[in-house]
Amino acid sequence: MNHSRKFYLAALGLFAAASSTFAAPKWEEMDYGRFLSATYNNAEGKPTFDKKGCAANKGIAIKLGKDVDGTMLFDTDLLRMAGGWTGGFVKTMGVAYDGAHGPNPKPADNAQIVFQTNPQSPGWSKGDDFKDPRKLPSGPGAAHVPFGPLPREWAKYKGLYLSGDNVVVAYTVGTAAILEMPGAEKSGDTVSLTRSFNVLSKGDASSLLVAEGGEGSTATKEGNIVVLSDAKNPDARTYIAVSGAPVGASWNIADTNRVELKLPALAENQAFKVIYWRGTAADLAKGQLASKTVPNLREFTKGGAAHWPETVTAKSTMSQDENGPYVVDTIGIPDTNPYKSWIRIGGLDFFSDGRIAFSTWNGDVWIGTPADEKYASVTWRRFATGLFQALGLKIVDDKVYVLGRDQITRLHDLNNDGEADLYECFNNDVQVTPGFHEFAFDLQTDPEGNFFFVKGGPVNPGGRGWGPLSDHNGCMFKISKDGLKFEVYATGLRAPNGMGISPSGEITNGDNQGTWVPVDYIHFVKQGEFIEVPDLSHKETPPTEHPQHLCWIPYDWDNSNGAQVWVPNDKWGLAKNTMLYLSYGKCSLFRVLIDKFGNTMQGGVVKFPLKFDTGIMRARFNPKDGQLYVTGLHGWQTDATKDAAIQRVRYVNKTVTMPETLHVTDQGIHIGFTAPLDTNSASDVQNYSIEQYNYHWTSDYGSPEFSVIDPKKKAHDPVEIKSVKVLPGGKEVFLEVPGLQPVDQMKIKMNLKDANGAPVPGNIGNTINAVPKEGANAQR
């Protein structure tokens with residue numbers, strides 16, 4: 001993706017900072033809630049590749065207490081507390097915030113680091129073993145560090161509970177189930193950071209990683225307290241204590257500066273608290289460490305007071321132009337709200353009663369209740385916050401599932417107050433690197449209830465090439481209905497902002513022009529196949545060719561893909577199971593024409609004569625009104641005029657006349673329409689023209705358009721149409737074009753009218769993979 005948006009965002013930030021008369025940028029004004037999930041760099045701005053300090057590939061920055069300006073960062077891959085600090089929350093920077101390419105969020109600029117741990121170390125040992133058990137990624141370009149969660153039998157993140165100002169993380173260590181709550185306690189001018197633990201079920205003995213000093217630092221025991229001293233400033237110390245430690249627990253200092261709490265067998269109902277305090281010995285003498293009381297964390301697992309009680313009622317705008325069979329209504333969204341939440345929509349779905357839920361790029365989930373069956377207005381309530389770039393959402397059995405870069409989260413409202421209290425980790429097996437561009441896109445289910453999503457490659461700043469690779473970059477994934485089984489379904493994707501699954505279980509994807517991707521395309525996916533980008537094939541010997549796509553899409557028609565969706569019934573003006581394709585870049589909707597014969601699939605797209613306000617990339621049919629709802633955002637290059645919109649493509653019960661079928665033969669091209677044409681315009685060969693050209697499949701960013709006749713020349717070739725015939729019934733035309741050969745891109749232009757004299761959408765962009773003989777049976 002070409003993120004030209006970053007220049008606007010960066011300029012906005014500089015402009016706002018230059019004058020106090022202007023509001024802060026949206027990403028700084030936004031209230032993100034009690035926590036924020038992201039990939040985090042350390043305080044020096046270095047990623048986990050640097051192997052130092054409070055950095056995490058899957059981090060949850062958690063605000064501490066109500067009256068203390070402190071934060072802890074929890075690593076959900078390694079079940080490790082990456083660090084804790086006072087002096088602020090986090091600096092929101094990077095592509096989803098200020099638009100910058102490369103950086104990730106990090107501790108606030110004024111953060112005073114109290115403790116940190118190594119980004120490559122598990123937070124809990126297995127027996128006495130702290131060695132990272134995860135395997136290194138393999139293949140060309142692979143990173144030299146492991147990614148992803150610890151093995152389930154070692155430790156597993158289960159989710160978090162939100163109760164008032166308290167955030168409790170839940171996980172297992174072996175067979176032990178544990179709750180942990182980060183906190184802070186203030187005494188006079190001193191602040192202690194705390195980690196409270198409750199053991200819910202027993203398990204084997206293990207050690208807890210507590211803190212690690214930087215190079216040259218030392219840790220020493222002073223009675224029951226461990227003192228971690230800096231190398232550059234020995235008088236600046238972190239004091240560490242434990243309250244309620246089980247009998248037999250002891251401190252262990254490894255490698256002179258690594259602090260571990262060695263615990264005996266974990267027993268049900270054990271509770272203890274680790275306390276951190278930062279300062280000089282003289283300061284410590286004046287103050288005191290946190291209280292010894294260990295809270296009962298079960299009290300915080302039942303839901304708490306609502307955080308976002310204010311609702312936003314937004315009026316919808318109904319189209320008054322009903323000349324065509326489809327109109328576009330704009331559904332009211334809470335883009336102006338009390339929480340200054342930056343609304344850029346990444347996922348959308350409907351509850352069975354017609355309520356709407358959407359997720360945003362900056363981590364929210366909102367639920368909307370329509371005022372009536374026409375959705376004349378919608379009253380919105382903020383349901384969840386702090387998710388990691390939530391670019392996919394699916395509702396299953398009226399339960400909200402959200403895709404972030406780190407995991408699929410299942411949201412639960414435990415006390416029925418309209419807000420999520422349990423952010424359950426449904427599955428977090430996907431690997432995440434510090435690459436700024438490796439977005440996770442969409443969330444779909446197949447007829448058996450399995451979940452699917454797609455993930456991009458870690459594109460370098462500027463769009464060409466890749467950062468260090470994990471085993472999951474550029475893949476499509478399948479997750480079982482219960483969330484327990486995770487598998488790579490296909491490989492070789494660059495930036496696939498959307499996919500689709502047909503009612504019969506056919507799986508499709510699009511992709512975005514860039515390295516190894518000449519232009520956008522539509523592909524029907526087979527399990528285990530390589531699709532397009534050799535660098536992301538995860539094969540020791542990269543493929544030298546890719547499978548055939550259904551079609552390539554001309555760059556001037558679609559420069560950045562969205563999802564695919566199928567018409568679910570015959571009530572929307574088109575036949576049931578008609579496939580639709582969304583363009584994020586051109587804010588456009590296309591009908592897909594499928595030409596299938598034998599094992600060959602090919603086809604093309606035709607654009608609906610509709611325009612949308614934002615980069616549409618997600619679509620759902622509403623089970624209540626049967627209409628198509630599309631949504632998206634303005635976050636990277638697009639023709640969008642708004643940061644976000646939900647728009648309804650409403651069928652107004654008029655005859656739809658547009659191309660419906662496309663079939664290529666050795667004698668020409670058959671094009672079927674949904675309704676009869678005006679015979680005079682349809683039979684005039686002057687109303688048709690065809691051109692064609694090829695692409696080069698290389699590691700370059702995209703491809704020029706090359707002549708078929710002279711493959712070295714950058715040109716389009718005209719294709720002669722010898723004659724045109726309108727078949728009986730007036731719903732199909734045959735363009736006589738003998739000598740057709742496979743070609744990457746064909747454009748068929750038609751200037752036709754329907755039976756009532758109205759213009760017919762008539763430009764088809766298609767691909768020819770094979771040319772059967774006239775009369776061969778085609779499945780259209």
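Conventions we followed
Residues numbered from 1 in each chain as written. Predicted model: local features only at pLDDT ≥ 70, side-chain atom pairs only at ≥ 80, totals over all residues. Heavy atoms only, no water. pLDDT = per-residue confidence, 0-100. Contact = heavy atoms within 4.5 Å. Helix = DSSP H or I, 4+ residues; strand = E, 2+ residues; numbered from the N terminus. Polar contact = N/O pair within 3.5 Å; in protein donor to acceptor, adjacent residues only side chain to side chain. Pairing = 2+ DSSP bridges. Buried < 20%, exposed > 50% of the residue type's maximum accessible area, 1.4 Å probe, protein only. Core = buried A, V, L, I, M, F, W, Y, C linked by side-chain atoms within 4.5 Å. Phe/Tyr/Trp six-rings, centres within 6.5 Å; stacked < 30°, edge-to-face > 60°. Lys NZ or Arg CZ within 6 Å of the ring centre and 35° of its normal.

### Side note on the confidence of the model for the protein
Caution applies to low-pLDDT regions: their predicted coordinates should not be interpreted in detail. This prediction gives the protein a mean pLDDT of 94; 96% of its residues lie at or above 70. Scored below 50 in pLDDT, residues 1–21 makes 43 contacts in the model with residues more than four places away or belonging to other chains.

### Examining the side chain of D364
Its place among the elements puts D364 in the loop between β22 (356–360) and β23 (365–370). Within polar-contact distance, the side chain of D364 engages the side chain of W366 at 3.0 Å. For D364, the residues in contact, after removing those within four places along its chain, are M30, S341, F358, S359, R382, A384 and T385.

### A look at the sheet that holds strand β35 (residues 521–524)
Overall, antiparallel pairing links the four strands, which are arranged β33-β34-β35-β36 in an open sheet. If you trace the sheet from one side to the other, it starts and ends with β33 (499–501) and β36 (551–552), each paired once.

### Quick word on the pairing of strand β2 (residues 56–64)
The buried fraction of β2 amounts to eight of the nine residues, a majority that puts the element mostly inside the structure. Relative to β2, strand β1 (residues 35–40) runs antiparallel, the two being bridged by five bridges. Across the sheet, the residue bridging to F35 is I62, located in β2. With six bridges joining them, β2 and strand β3 (residues 70–75) adopt antiparallel strand pairing. Each residue of the ladder has a partner; that of A61, found in β3, is L73. The turn joining β2 and β3, which pair antiparallel and follow one another in sequence, is formed by five residues; a positive phi near 65 degrees is taken by G65.

### Regarding the nonpolar core
The biggest cluster of nonpolar side chains holds 60 residues, and the ones touching the most others in it are W124 and V210. L36, W361, F441 and L536 belong to the second-largest nonpolar core, a separate cluster that totals 52 residues.

### Structural notes on the packing of aromatic side chains
For the coordinates displayed, the defined rule picks out 38 aromatic pairs. For the pair W361 and F439, a centre-to-centre distance of 6.0 Å together with 65 degrees between the ring planes defines the contact as edge-to-face. Pair noted here: W361 is in the loop between β22 and β23 and F439 is in the loop between β28 (422–427) and β29 (440–445), with a separation of 78 residues, a long-range link. Three or more aromatic residues joined by ring pairs make a cluster, and in this case those are F74, W124, Y157, Y171, F197 and F272. It is R344 that lies over the ring of W342; its NZ or CZ is 3.5 Å from the centre. Sitting over the ring of W308, R382 keeps its end group 4.3 Å from the ring centre.

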